[in-house]
Structures are given as structure tokens and as C-alpha cells.
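# Examination of the molecular architecture
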Amino acid sequence: MTLRIGIDLGGTKTELAALDTEGQERYRIRVPTPSNDYAAVIACIVALVSDAERQLGASASIGIGVPGSPSPATSLMRNANTQCLNGKPFQQDLSDALRREVHLANDANCFALSEAIDGAGRDAQVVFGVILGTGTGGGVVINQQVLKGRNAIGGEWGHNPLPWPTAAELPGIQCFCGKRGCIETFVSGTGFARDHQLQTGEKLSALEITQRADVSDPQALATLARYYDRLARALASVINVLDPDVVVLGGGMSRYQPLYLQLTQRLPSYVFSDCFTTPILPAVHGDASGVRGAAWLWPG
């Protein structure tokens, strides 16, 4: 097959892109996700693939990124925010419906793979990809191969506790996973906005907070300072274990440019080394990295 189709299945939208052998995009479409109806999700994907292959005049390999993963024990989906997938044999049902093998991975793994192949981590041996959005995800790619892990949780740094917490940060906000003080509750865009509201009483979006910081609003600047330090601590805990060649950031918070200088300045005090040269870079492909990474799940 000379074409790769990638599908990014999100809670509100489903996106399909077809790449040729050079990684050039040949086709793209985005539609709403019928997120409350499992059969409708399957039918939606089948229709998207059928339409794409008809438009392109060729069949393709299929890779799909999902915000969750199949359990290695049961092959049933778990931790998907499209909750109708949970407890279902999604990969097998989709393979049956499409009448071909389907490769499936967590959406953060797809993001990391995309950036490792032809994005900000191109030519790097070890890439740690980070999503700082509504939640906090991560993926590890080594030699352009996703490190899935024995329990299929490779890269799930967001559900470790925030390192070196202050007294004010304990015991931490309750996370959806059932624990308190998870990294996700501090460094996601949702956590960033919640922290500002807890400190000021103002309910603002992450974008509104950064816009206020840009005009030197003291409360917004204080919220950002806490965020920078927490994110530096969280990343340092991964760097101390993995020591990647590059860290690539995606998601809404990654678009705020002052973040990169702040992390570069703060990380050396937390990383267990006498030097720190790891590049912290924005994703080259931005929001398209998820769907591109899904397509790259099939090797050349």
C-alpha cells in the first residue's frame, strides 16, 4: 500500500488524513464524533475511510489514535473520554468493519510519533512528546518506534504526583483517575485555569489568563509563575529517568511562546545533572500531529 490513512478520534471531532510515502498530505476531512453511540462511531470511521479511498482511487493502511488504550489483559478499551468505547473491543470491531488490520495507539503516542518522524524531533533518537491541553498526555518514541510498554501505559507522566510539592500544593486536587495531586491537575490547561480561579476568584480561560499576563496583570503573572515552576518540576522528573534528546510540546498551553524560555531557565535547577542542554520545542505539525502520527503507525 502506498497510502497511509490516519484517524484522530476525539471526544468532539474525528479527523482523517491520508499521507503518501513522502509524508505529504493527500486528503483531509474532519467531522463531529457521534460520541455517545458506539455503533455510530464505527460507522462514522468506516464511511470516512470509504470516502477517502474513493476520492484517492486507492486503498490504504489504517492507523487510529484514541484518548485511551486497549487493556493488554482483555483487549477492551479503557480510559477513553469517548466513554462509549470503554469496555469494548474497539480495535477488533473496527478491523472487522473495515475488513483489514487496523493499528491503534494512544493519541499522545501518535503525537510523539509524528513529531519524531518529520517534526520537531526529526533525527532524534529519543523523543518525549507532551500534550498540554484539557488533560496532560505524553508519549515516548525511540528510533521512530513508539514505546508502548508492557502495560500499554508508556509515557503516562500526567498520572504521577507533582514532584517536590510545596505545602500549599498538598494534598492536591482530586484527579479523574481517583488519585490526588496528579501532574495533570496542575499543568493541563484546565488545571492552569483552575489554579487561577482558586487564587483570585476569577473564572477565566487559559487564553484569557495569558492575554492578561501579556499586559502585565499581576495576578495573571503570578498564576503563570506557579505554572512555569510546576511544569519544570514535572518535566524534570521525566528527564531524570529518560534523558530524551528532545522534548516536544503540543496542546493549547504549548502555543504560549514565553513558556519555552521559562522552562529552559528553570529546568537546570531540577534536573539531576551539572549541565542541561535538552531542547524544549513546540510541535512542528501542531494540531495535525495526532492524525499524522496515527498514519505513521504503519512502518514504511
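Within any chain, residue numbers begin from 1 and follow the written order of that chain's sequence. Reporting in this predicted model follows two pLDDT cut-offs: at least 70 for local features of residues, and 80 or more for side-chain atom pairs to be given and counted; totals over whole chains, interfaces and linings ignore these cut-offs and use all residues. To get the side-chain values, all heavy atoms of the structure are used, and hydrogens and water are removed first.

### So, the pattern of salt bridges
The term salt bridge refers to a side-chain nitrogen of Lys or Arg lying within 4 Å of a carboxyl oxygen of Asp or Glu. In the structure shown here, the tally under the stated rule is 16 salt bridges. A salt bridge links Glu-169 to Arg-233; the nearest nitrogen and oxygen atoms lie 2.8 Å apart. Within this pair, whereas Glu-169 is found in the loop between strand S10 (145-146) and helix H4 (183-187), its partner Arg-233 is found in helix H7 (residues 218-242), the two being separated by 64 residues in sequence. For the residue pair Glu-169 and Arg-233, the accessibility class agrees, reading buried in each case. Here Asp-229 and Arg-233 are joined by a salt bridge, their closest N and O atoms 3.0 Å apart. Highlighted residues: Asp-229 and Arg-233, both in helix H7, separated by four residues, approximately one helical turn. Taking relative accessible area as the criterion, Arg-233 reaches 3% and is therefore assigned buried. Helix numbering and strand numbering both begin at the N terminus, where a helix is a DSSP run of H or I of at least 4 residues and a strand a DSSP run of E of at least 2. Burial classes follow relative accessibility: with a 1.4 Å probe on protein chains only, a residue under 20% of its type's maximum area counts as buried, one over 50% as exposed, and anything between as partly exposed.

### What about the sheet that holds strand S4 (residues 61-66)?
In this scheme, strands are said to pair when DSSP sees at least two bridges between them. Spatially, the five strands line up as an open sheet ordered S3-S2-S1-S4-S7, and their pairing is mixed. The outermost strands of the open sheet, each flanked by one partner alone, are strand S3 (25-32) and strand S7 (102-106). Each neighbouring strand pair of the sheet contributes to a mean axis angle of 15°, computed without reference to strand direction. Summarising the sheet, S4 and S7 pair through five bridges and their orientation is parallel. Of the residues in S7, the one forming a bridge with Val-66 is Asn-106. Each of strand S1 (4-9), strand S2 (13-19), S3 and S4 is contacted by helix H1 (residues 38-56), which is oriented at about 150° to S3, the strand it contacts most. Here, residues are in contact when the closest pair of their heavy atoms is within 4.5 Å. Note on definitions: angles span 0 to 180 degrees between N-to-C directions of axes, and those axes are lines fitted to C-alpha atoms, for helices only across the stretch in contact. Where helix H3 (residues 107-118) meets the sheet, its contacts fall on S1, S4 and S7, and the angle it forms with S7 comes to roughly 100°.

### A short note on the nonpolar core
Ranked by size, the top nonpolar core spans 37 residues in total, and within it Leu-132, Trp-157, Leu-235 and Leu-267 carry the most contacts. For this core, the secondary structure elements donating two or more residues are strand S8 (126-132), H4, helix H5 (189-200), helix H6 (206-214), H7, strand S11 (246-250) and helix H8 (258-266). Top element by residues in this core is H7. It accounts for 11 residues. Setting aside residues up to four positions removed in sequence, Leu-132 forms contacts with Trp-157, Val-187, Tyr-227, Leu-231, Leu-249, Gly-250, Gly-251, Gly-252, Met-253 and Leu-259. Take the buried residues of types Ala, Val, Leu, Ile, Met, Phe, Trp, Tyr and Cys, join any two whose side-chain atoms come within 4.5 Å, and each joined set is a nonpolar core.

### A closer look at unusual backbone geometry
Excluding glycine, a negative phi dihedral is what most residues carry, and trans is how most peptide bonds are arranged. Following Leu-170, the chain continues into Pro-171 via a peptide bond in cis, with omega recorded as 0°. Within the element layout of this structure, Pro-171 appears in the loop between S10 and H4. Located in the positive-phi region is Ser-75, a residue other than glycine, with phi close to 70°. Topologically, Ser-75 is positioned in the loop between strand S5 (69-70) and strand S6 (77-78). Judged by its relative accessible area of 48%, Ser-75 is partly exposed. Residues other than glycine seldom take positive phi values, yet Asn-79 does so here, at roughly 65°. Mapping Asn-79 onto the fold places it in the loop between S6 and helix H2 (90-98). Residue Asn-79 is classed as exposed on the basis of its relative accessible area of 55%.

### Things to note about the packing of H5 against H7
Interaxial distance between H5 and H7 falls to 10 Å at its minimum, and their mutual angle equals 130°. By the angle class used here, H5 and H7 are oblique. For the pair H5 and H7, the crossing hand works out as right-handed. Contacts between H5 and H7 pair Phe-192, Asp-195, His-196, Gln-199 and Thr-200 from the former with Gln-219, Ala-220, Thr-223, Leu-224, Arg-226, Tyr-227 and Arg-230 from the latter. Of the residues assigned to the contact of H5 with H7, the class counts are four nonpolar, five polar and three charged. Here roughly perpendicular refers to angles of 65 to 115 degrees, roughly parallel to angles under 35, roughly antiparallel to angles over 145, and oblique to all remaining angles. When the near helix sits turned anticlockwise from the far one by under a right angle, the crossing is termed left-handed; a clockwise turn instead gives a right-handed crossing. Classification convention: Asp, Glu, Lys, Arg as charged; Ala, Val, Leu, Ile, Met, Phe, Trp, Tyr, Cys, Pro as nonpolar; all other residues, Gly among them, as polar.

### A word on the packing of H5 against H6
Look at H5 against H6: their axes get within 9 Å of each other, and the N-to-C directions meet at 60°. With respect to H6, the element H5 is oriented oblique. The handedness of the crossing between H5 and H6 is left-handed. Taken together, the residues of H6 that come into contact with H5 (itself represented by Gly-189, Phe-192, Ala-193 and His-196) are Ala-206, Ile-209 and Thr-210.

### Notes on the side chain of Thr-136
Along the chain, Thr-136 falls in strand S9 (residues 136-142). Of the polar contacts made by the side chain of Thr-136, one reaches the backbone nitrogen of Ser-188; its length is 3.3 Å. In this view, Thr-136 contacts Ile-131, Trp-157, Gly-158, Glu-184, Val-187 and Ser-188; residues no more than four positions away in its chain are not counted. Between N or O atoms, a polar contact is any pair within 3.5 Å; within protein, one atom must be a potential hydrogen donor and the other a potential acceptor, and residues adjacent in sequence are included only when both atoms are from side chains.

### Remarks on the environment of Trp-157
On the secondary structure map, Trp-157 appears in the loop between S10 and H4. Here the alpha-carbon distance between Trp-157 and Phe-128, two residues 29 residues apart in the chain, equals 10 Å.

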